[in-house]
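# Commentary on secondary and tertiary structure
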Amino acid sequence: MKFTESDILKVEKNIGLVIPADIDAVMAMSWQELHDTRSKLRKGADSLLDNAKKSNKDLTAEQERSFEVAMYFLEAVNDEFEERTISGCKNPRSEAEPI
């Protein structure tokens, strides 16, 4: 899946993380980059939800989209962790090297 420029900008604005346009980029991330990305996604999403709750407001359509894209990307990061754990290899992989 590829994210639109609009999606990327929304996530950066509302979650605080620049995500790559192509979801397959997670395969090229180092183990540490995966950890860091997962942590930032979780913290940013939690912050977004907490701020809305404290303000007693619903998320805007833009914030909802940011949250959806961030969660989709987080799922891809978690899937990559699982694939590498199963394979016993923490090194980045390419599309040409499926597990």
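The structure this text deals with has already been given above.
Attention here is on the structure that accompanies the text. (Residues numbered from 1 in each chain as written. Predicted model: local features only at pLDDT ≥ 70, side-chain atom pairs only at ≥ 80, totals over all residues. Heavy atoms only, no water.)

## Looking at the packing of helix 2 (residues 31–54) against helix 3 (residues 61–87)
As a packed pair, helix 2 and helix 3 sit with axes 10 Å apart at the nearest point and diverge in direction by 150°. Overall, the two elements helix 2 and helix 3 adopt an arrangement that is roughly antiparallel. In the crossing of helix 2 with helix 3, the sense of the turn from one axis to the other is left-handed. Of the residues in helix 3, those in contact with W31, L34, H35, T37, R38, L41, R42, A45, L48 and L49 of helix 2 are Q63, F67, A70, M71, F73, L74, V77, N78, E80, F81, R84 and T85. Looking at side-chain class alone, the contact of helix 2 with helix 3 contains 13 nonpolar, five polar and four charged residues. (Axes fitted to C-alpha atoms, helices over the stretch in contact; angles between N-to-C directions. Helix = DSSP H or I, 4+ residues; strand = E, 2+ residues; numbered from the N terminus. Parallel < 35°, antiparallel > 145°, perpendicular 65-115°, else oblique. Left-handed = near helix turned anticlockwise from the far one by under 90°. Contact = heavy atoms within 4.5 Å. Nonpolar A, V, L, I, M, F, W, Y, C, P; charged D, E, K, R; others polar.)

## Points about the environment of K57
In this fold, K57 is placed in the loop between helix 2 and helix 3. As for K57 and S39, which are separated by 18 residues in sequence, their C-alpha atoms are 25 Å apart.

## Topic: the packing of helix 1 (residues 5–14) against helix 3
It is at 9 Å that the axes of helix 1 and helix 3 come closest, and there the two elements cross at 100°. When the axis of helix 1 is compared with that of helix 3, the two are roughly perpendicular. Here helix 1 contributes D7, K10, V11, K13 and N14 to the contact with helix 3, which in turn contributes E62, Q63, R65, S66, V69 and A70. Residues that form the contact of helix 1 with helix 3 fall into these classes: three nonpolar, three polar and five charged.

## Side note on the packing of aromatic side chains
Considering all chains together, one arrives at three aromatic pairs under this definition. Ring geometry for W31 versus F81: centroids 4.8 Å apart, planes at 90°, classification edge-to-face. With W31 in helix 2 and F81 in helix 3, this pair connects stretches of sequence that are 50 residues apart. (Phe/Tyr/Trp six-rings, centres within 6.5 Å; stacked < 30°, edge-to-face > 60°.)

## A word on the side chain of R93
Looking at where R93 falls in the secondary structure, it is placed in the segment after helix 3. A distance of 2.8 Å separates the side chain of R93 from the side chain of E80, its partner in a polar contact. (Polar contact = N/O pair within 3.5 Å; in protein donor to acceptor, adjacent residues only side chain to side chain.)

## With respect to the pattern of salt bridges
Enumeration according to the criterion identifies six salt bridges in this entry. A salt bridge links R65 to E68; the shortest N-O distance between them is 3.7 Å. Of this pair, R65 and E68 both sit in helix 3, three residues apart, roughly one helical turn. On the basis of relative accessibility, which here comes to 43%, the residue E68 falls in the partly exposed class. Put simply, E80 and R84 hold a salt bridge, and the shortest N to O gap is 2.8 Å. Placement of the pair is E80 and R84 together in helix 3, with a separation of four residues, close to one helical turn. Residue classification places R84 among the buried residues on the basis of a relative accessible area of 1%. Beyond isolated ion pairs, a larger network of salt bridges with shared partners links D7, R65 and E68. (Salt bridge = Lys/Arg side-chain N within 4 Å of Asp/Glu carboxyl O. Buried < 20%, exposed > 50% of the residue type's maximum accessible area, 1.4 Å probe, protein only.)

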